[in-house]
Amino acid sequence: MKEVRLGLMVDTYLRGRECSTLRSYQSSFKKLVEICRKCGISVFGLNEEARCEVWLEAREERLSTGSVRGISAVISLLKEVLGEEDACSGRERTLKKALAKESNLLRKKRKRKTGTLGDVESLVMEAERSRRKEDWVIAALAVVCYFGCRRLADVMRIKVRDVTWGKGRITFFMKSQKTDIFHEGDSFSVAVGGKSFAIKEFLLKYMDKLELGKKDVLFPGSFQKRSRDVSVTYAVAYRGLEDLKERLGLDSSLKWHSFRIGSATKGNILGVRRSVMKKAGNWKSAAVD
């Protein structure tokens, strides 16, 4: 195909792509172009040998795992627009794996902040004080993540009808979660409450405040009655937590995963067996330690 026609096809293709997706790959595309120029390769001629050259140069420049993934995604997009098969040889796959390993070894890992029951209670109290629905959603997410020992991604899409109120336990059904590779669904339970915090009482109060029905999601991203089937997004959840941290003066390193870590840490202090903790938090590796 002539260069002019190729340029026209690329332009037409990009118009059909989501703008948000393309914006997220801009820096990766720029970096790929820089590497290709260094290696004397065309971005429109990235065969298997040329791609291996790209990964070798990426190693020389000590690119992060995130940068390698971004470049890999851009290459896949280029293959798609050119109508080429998106195949990856064993050699190329091993090269990328080596880059990820080196990047992880070079990176200094910071110890994640441990969330506490005090942090959760602070969020709950602020939601009750402010009466803002957005604050109630963040507080409810923190409660379920902490007492359920779960990731934000595991719980954020749960629907009201997926919550079962038992005599002494509340059970949450997740249609999908990180380690559920076959999308079979999984459940976890929490006690209705203890001496320090009444989970059932809080959740019922929360659902009443937001006027949630059986068909609604438990953590809505919108409070309009006709659009409560869409869950809160990562961006909104993180932005909401950052806002509350600033208002309450909580530790700046507190993240959503902190509540899961805090739950496991509390269990360990109380003498809960490792195997029980691993099952409760759905850890599949020694990461539970």
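Residue positions within a chain follow its written sequence, with the count starting from 1. Given that the model is predicted, a residue must reach a pLDDT of at least 70 before its local features are reported, and side-chain atom pairs must reach 80 or more before they are shown or counted; all residues, however, enter totals for whole chains, interfaces and linings. Heavy atoms from the whole structure form the basis of all side-chain values; hydrogens and water molecules are not counted.

### Describing the layout of surface pockets
- Using only the protein atoms, space was sampled on a 1 Å grid; points where a 1.4 Å probe fits but cannot get out form cavities, open sets with protein on both sides within 12 Å along at least five of seven lines form pockets, and lining residues are those with an atom within 4 Å of a point. Grid points are joined across faces, edges and corners, and a volume is the space filled by probe spheres set on the points. Taken as a whole, the second largest pocket spans an internal volume of roughly 660 Å³.
- Only DSSP runs of H or I covering at least 4 residues are called helices, and only runs of E covering at least 2 are called strands; the numbering of each starts at the N terminus. Every element with two or more residues in the lining of the second largest pocket is listed here: α8 (133-148), β3 (186-191), α12 (256-269) and α13 (274-280).
- Each residue gets one label: Ala, Val, Leu, Ile, Met, Phe, Trp, Tyr, Cys and Pro are nonpolar, Asp, Glu, Lys and Arg are charged, and the others, such as Gly, are polar. Residue classes in the lining of the second largest pocket are distributed as 14 nonpolar, 8 polar and 5 charged.

### Considerations on helix α3 (residues 26-39)
- Taking 1.5 Å of rise per residue, the 14 residues of α3 would be expected to cover 20 Å, and the 20 Å separating its terminal C-alpha atoms lies within 8% of that figure.
- Within the span of α3, buried status applies to Ser28, Leu32, Val33, Ile35 and Cys36. One side of α3 carries all its buried residues, which in axial view fall inside an arc of 165°. Turned more than 90 degrees from where α3 packs its buried face, Gln26, Ser27, Lys30, Arg37 and Lys38 sit exposed.
- Residues of α3 that are buried in the fold lie against α4 (48-60) and α5 (65-81). The length a helix should cover is 1.5 Å for every residue beyond the first. Categorising residues by exposure relies on relative accessible area from a 1.4 Å probe, with only protein chains included: less than 20% of the type maximum marks a residue as buried, more than 50% marks it as exposed, and the intermediate range marks it as partly exposed. Arc, as used here, means the arc of the directions from the helix axis to the C-beta atoms. Residue contacts follow a heavy-atom distance rule, with two residues in contact if any of their heavy atoms lie within 4.5 Å.

### Observations regarding α12
- When the terminal C-alpha atoms of α12 are compared, their 21 Å separation across 14 residues agrees well with the 20 Å that a helix rising 1.5 Å per residue should span.
- Those residues of α12 lying buried are Trp256, Ser258, Phe259, Arg260, Gly262, Ser263, Ala264 and Gly267.
- Count one or two residues on from α12 and you reach Gly271, which has phi positive near 90°.

### With respect to the environment of Glu48
- Checked against the element boundaries, Glu48 lands in helix α4.
- On a C-alpha basis, the gap between Glu48 and Cys88 in space is 7.7 Å, while along the polypeptide they are 40 residues apart.
- Apart from the residues lying within four places of it in its own chain, the contact partners of Glu48 are Ser89, Arg91 and Glu92.

### Observations concerning the pattern of salt bridges
- The term salt bridge refers to a side-chain nitrogen of Lys or Arg lying within 4 Å of a carboxyl oxygen of Asp or Glu. In total, this model carries 19 salt bridges according to the counting rule given.
- Salt-bridge contacts for Arg91 lead to Glu48; the nearest nitrogen and oxygen are separated by 2.6 Å. Placement of the pair is Arg91 in helix α6 (residues 90-106) and Glu48 in helix α4, with a sequence separation of 43 residues.
- The partly exposed category is assigned to Arg91, whose relative accessible area is 49%.
- Here Asp243 makes a salt bridge to Arg247, at a shortest N to O gap of 2.6 Å. Of this pair, Asp243 and Arg247 both sit in helix α11 (residues 234-248), separated by 4 residues, roughly a single helical turn.

### Digging into the nonpolar core
- Of all hydrophobic cores here, the largest spans 45 residues; its most connected members are Leu141, Phe172, Phe202, Tyr206, Phe219, Trp256 and Phe259.
- Contributions of two or more residues to this core are made by α7 (117-130), α8, α9 (152-155), β2 (169-174), β3, α10 (199-210), α11 and α12.
- Top contributing element to this core by residue count: α8, with 11 residues.
- When neighbours within four sequence positions are excluded, Phe219 is seen to be in contact with Val137, Ala140, Leu141, Val144, Val155, Met156, Ile158, Tyr206, Ser231 and Val232.
- Ranked by size, the runner-up nonpolar core spans 18 residues in total, among them Ile35, Cys36, Ile41 and Ala50. By convention a nonpolar core is built from buried Ala, Val, Leu, Ile, Met, Phe, Trp, Tyr and Cys residues, the set being connected through side-chain atoms within 4.5 Å.

### Here's the deal with the confidence of the model for the protein
- In the predicted model, the protein carries a mean pLDDT of 84, and the fraction of residues at 70 or more is 85%.
- Each residue carries a pLDDT score, the predictor's own confidence in it, on a scale running from 0 to 100. Within the protein, helix α2 (residues 19-24) has the poorest average pLDDT of any element, 56, and α7 the best, 95.

### Re the pairing of β2
- The alternating pattern of β2 places Ile170, Phe172 and Met174 on a buried face, while none of Arg169, Thr171 and Phe173, on the opposite face, is buried.
- Here 3 bridges tie strand β1 (residues 163-165) to β2, and the two strands are oriented antiparallel to one another. Looking across to β2, one finds that Trp165 is bridged to Ile170.
- In this description, strands pair whenever DSSP reports at least two bridges between them. A loop of 3 residues connects β1 with β2, the two strands running antiparallel in sequence.
- One ladder, built from 6 bridges, connects β2 with β3; its direction is antiparallel.

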